[in-house]
Amino acid sequence: MDPAITVDHVSKRFRLYKEKPESLKERIIRLGRNPYEEFWALRDVSLEVAHGETLGLIGQNGSGKSTLLKCISGILRPTSGSIRKSGRTAALLELGSGFHPDLTGRENVFLNASIIGLTKRDTARIFDDVVAFAELEEFIDLPVKHYSSGMYSRLAFAVAVNVEPELLLIDEVLAVGDEAFQRKCVQRIRQFQSEGRTILLVTHGVETVRQICDRAAVLDHGSLIALGEPGEAVLVFRDALLQREHTDEAAGADWRSHQQVRITGAEVEYLHPDRRHLLPGEPLRIRMTYDAPARVDDVVFAINIHDQQGNLLLGANTDSLGADPGSVEGPGEVVFEFEQVPLMGGIYEVSLGVHTHDGGVEYDHRAGEDVIEALSTGKVAGMVSFPIRAKVDPGS
């Protein structure tokens, strides 16, 4: 069977004009002579998505993810290369795509469904389900220009998932609404997966990729740099992100030279140096290096660990751990040692900081650069690995 989506050596170029004509006369005079720069949003991208597969597209801002999705949906035409897809397609792209602000929510449901390819009769059949899913019963007859951004996105998502598409294209809409609505969106995605529908998902949430996607593709500056198992793709994405941050950090190093104590580096050390992930119950060491150009007597080193939703899993510092460094001067290091870490599958962010004992002065901080990659070793669900055994007594 042919793939549901085939992207064959696709490139997309935009022209960025340096001067914008302010009148029709000026536009005619400058016809063909307005200077511009070429910007390649995509460069020779090739990939295939199988029927029934869920593929995640991840990458930094400006990497080309949304441009690729728009090319696949047909909104943009590639400069070179070709795209083939099969089946009815529903696309959830930027906010309000396919909606008219002066029409009511009811009218926009019919408009949006007709764009996807539904008849008026088919739309009427699913209308109540759309409104119920979007939770907009009280507002469905108001013009959507009065909707909040969350209401906009909820209605668009509700239309897309109720027209029973064979191919669903999603661009960062699983984060709309409150937590309960987000869970409902994920449940509908999982229902689609069980029904064998094909899904292409653009997201910044790497944990979403790990939980939902069968494979993931990583884009960087318009080029495809990785395509494979979600965990491996996330690591490639993290490496690319850190490389850019280190480049930016080097460019801004001068402004940090006046700091009394500054963090010069950090490293997450796993049990096995050749393995870049943690198994439940294994020890872990996080090493932070610092530099104090002159003697500093009031200093505390701190560590926080968050999950991908921003929940604080651990907050500790050298004061609370009974390891007051006293005074510091020159280069040094602080090591936070964990005898065993109960975290299960996921990526967890490490934040490091240096401040005074009363917290009134923050000398330096480092957030979003270091992560703990944890893998689960079985079919037990959750975030934490509790020691547990089961015993069944069949009786007599």
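Residues numbered from 1 in each chain as written. Predicted model: local features only at pLDDT ≥ 70, side-chain atom pairs only at ≥ 80, totals over all residues. Heavy atoms only, no water.

## Notes on the pairing of strand β9 (residues 223-228)
One face of the sheet, then the other: side chains in a regular strand alternate in exactly this way.
Thinking step 1. Taken together, the five bridges between strand β8 (residues 215-220) and β9 define a ladder with antiparallel strand orientation. Counterpart to A217 in the pairing with β9 is L227.
Thinking step 2. Count of turn residues in the β8/β9 antiparallel hairpin: two residues, of which H221 carries a positive phi of about 50°. (Pairing = 2+ DSSP bridges. Helix = DSSP H or I, 4+ residues; strand = E, 2+ residues; numbered from the N terminus.)

## Some words on the environment of G281
Thinking step 1. Positionally, G281 belongs in the loop between β10 (262-269) and β11 (282-296).
Thinking step 2. With a relative accessible area of 36%, G281 lands in the partly exposed category.
Thinking step 3. For the pair G281 and F338, spaced 57 residues apart in sequence, the C-alpha separation works out to 9.8 Å.
Thinking step 4. Setting aside chain neighbours within four positions, we find G281 in contact with Q340, V341 and P342. (Buried < 20%, exposed > 50% of the residue type's maximum accessible area, 1.4 Å probe, protein only. Contact = heavy atoms within 4.5 Å.)

## Considering helix α5 (residues 149-162)
Thinking step 1. Between its first and last C-alpha, α5 extends 20 Å over 14 residues, near the 20 Å set by a 1.5 Å rise per residue.
Thinking step 2. Where burial is concerned, most of α5 is hidden: 13 out of the 14 residues are buried.
Thinking step 3. Positive backbone phi, approximately 55°, marks E164, located one or two places after α5. (Expected span 1.5 Å × (residues − 1).)

## Thoughts on the sheet that holds β10
Strands pair in a sheet through their backbones, by hydrogen bonds, and they do so in one of two ways: parallel or antiparallel.
Thinking step 1. Sheet architecture is open: three strands sit in the order β10-β11-β14, paired in antiparallel fashion. Across the chains shown, the open sheet's two edge strands, defined by having one partner strand only, are β10 and β14 (328-341). Taken pair by pair, the neighbouring strands of this sheet meet at an average axis angle of 15°, ignoring direction.
Thinking step 2. Pairing between β10 and β11: seven bridges, direction antiparallel. Following the sheet pairing, E267 is matched in β11 by R287. (Axes fitted to C-alpha atoms, helices over the stretch in contact; angles between N-to-C directions.)

## Regarding the environment of I225
Thinking step 1. Positionally, I225 belongs in strand β9.
Thinking step 2. By relative accessible area, which is 40% here, I225 ends up partly exposed.
Thinking step 3. With residues near it in sequence (within four places) discarded, I225 still touches V218, D220, V236 and A240.

## Points about the packing of aromatic side chains
Thinking step 1. Within this structure, the stated rule accounts for four aromatic pairs.
Thinking step 2. Ring geometry for Y290 and F301: centres 4.9 Å apart, planes at 40°, overall tilted. Taken together, the residues span a long stretch of sequence, with Y290 in strand β11 and F301 in strand β12 (residues 300-306) at a distance of 11 residues.
Thinking step 3. The class of Y290 is buried, set by a relative accessible area of 11%.
Thinking step 4. Judged by relative accessible area, F301 falls into the buried class, the value being 1%.
Thinking step 5. The residue whose ring lies beneath K184 is F133, and the NZ or CZ to ring-centre distance is 4.8 Å.
Thinking step 6. For the cation-ring pair, R197 lies above F192, with the distance from its terminal atom to the ring centre recorded as 5.0 Å. (Phe/Tyr/Trp six-rings, centres within 6.5 Å; stacked < 30°, edge-to-face > 60°. Lys NZ or Arg CZ within 6 Å of the ring centre and 35° of its normal.)

## Comments concerning the environment of V341
Thinking step 1. Topologically, V341 is positioned in strand β14.
Thinking step 2. V341 sits 63 residues away from L278 along the chain, and the two C-alpha atoms are 8.3 Å apart.
Thinking step 3. Among residues more than four places away in sequence, those in contact with V341 are L278, L279, P280, G281, E282 and L284.

## Observations regarding the pattern of salt bridges
Thinking step 1. Enumeration over the complete set of coordinates arrives at 14 salt bridges.
Thinking step 2. One salt bridge in this structure joins E135 and K184, with 2.9 Å as the shortest N-O distance. With E135 in the loop between α4 (120-134) and α5 and K184 in helix α6 (residues 179-194), the pair connects residues that are 49 residues apart, well separated along the chain.
Thinking step 3. Where R366 meets D370, a salt bridge forms, and the shortest distance between an N and an O atom there is 2.6 Å.
Thinking step 4. What emerges from the salt-bridge pattern is a single network uniting E269, R285, R287, E333 and E337. (Salt bridge = Lys/Arg side-chain N within 4 Å of Asp/Glu carboxyl O.)

## Some thoughts on the side chain of S63
Thinking step 1. Mapped onto the elements, S63 comes out in the loop between β3 (54-59) and α2 (65-73).
Thinking step 2. Classification of S63 as buried rests on a relative accessible area of 2%.
Thinking step 3. Within polar-contact distance, the side chain of S63 engages the backbone oxygen of Q60 at 2.8 Å.
Thinking step 4. When sequence neighbours within four positions are dropped, the list of residues in contact with S63 reads A41, L219, D220, H221 and G222. (Polar contact = N/O pair within 3.5 Å; in protein donor to acceptor, adjacent residues only side chain to side chain.)

## A word on the confidence of the model for the protein
Caution applies to low-pLDDT regions: their predicted coordinates should not be interpreted in detail.
Thinking step 1. Confidence in the prediction for the protein averages 84 pLDDT; 86% of positions are at 70 or higher.
Thinking step 2. The secondary-structure element of the protein with the lowest mean pLDDT is helix α1 (residues 24-29), recorded at 63, while strand β4 (residues 80-85) shows the highest, at 95. (pLDDT = per-residue confidence, 0-100.)

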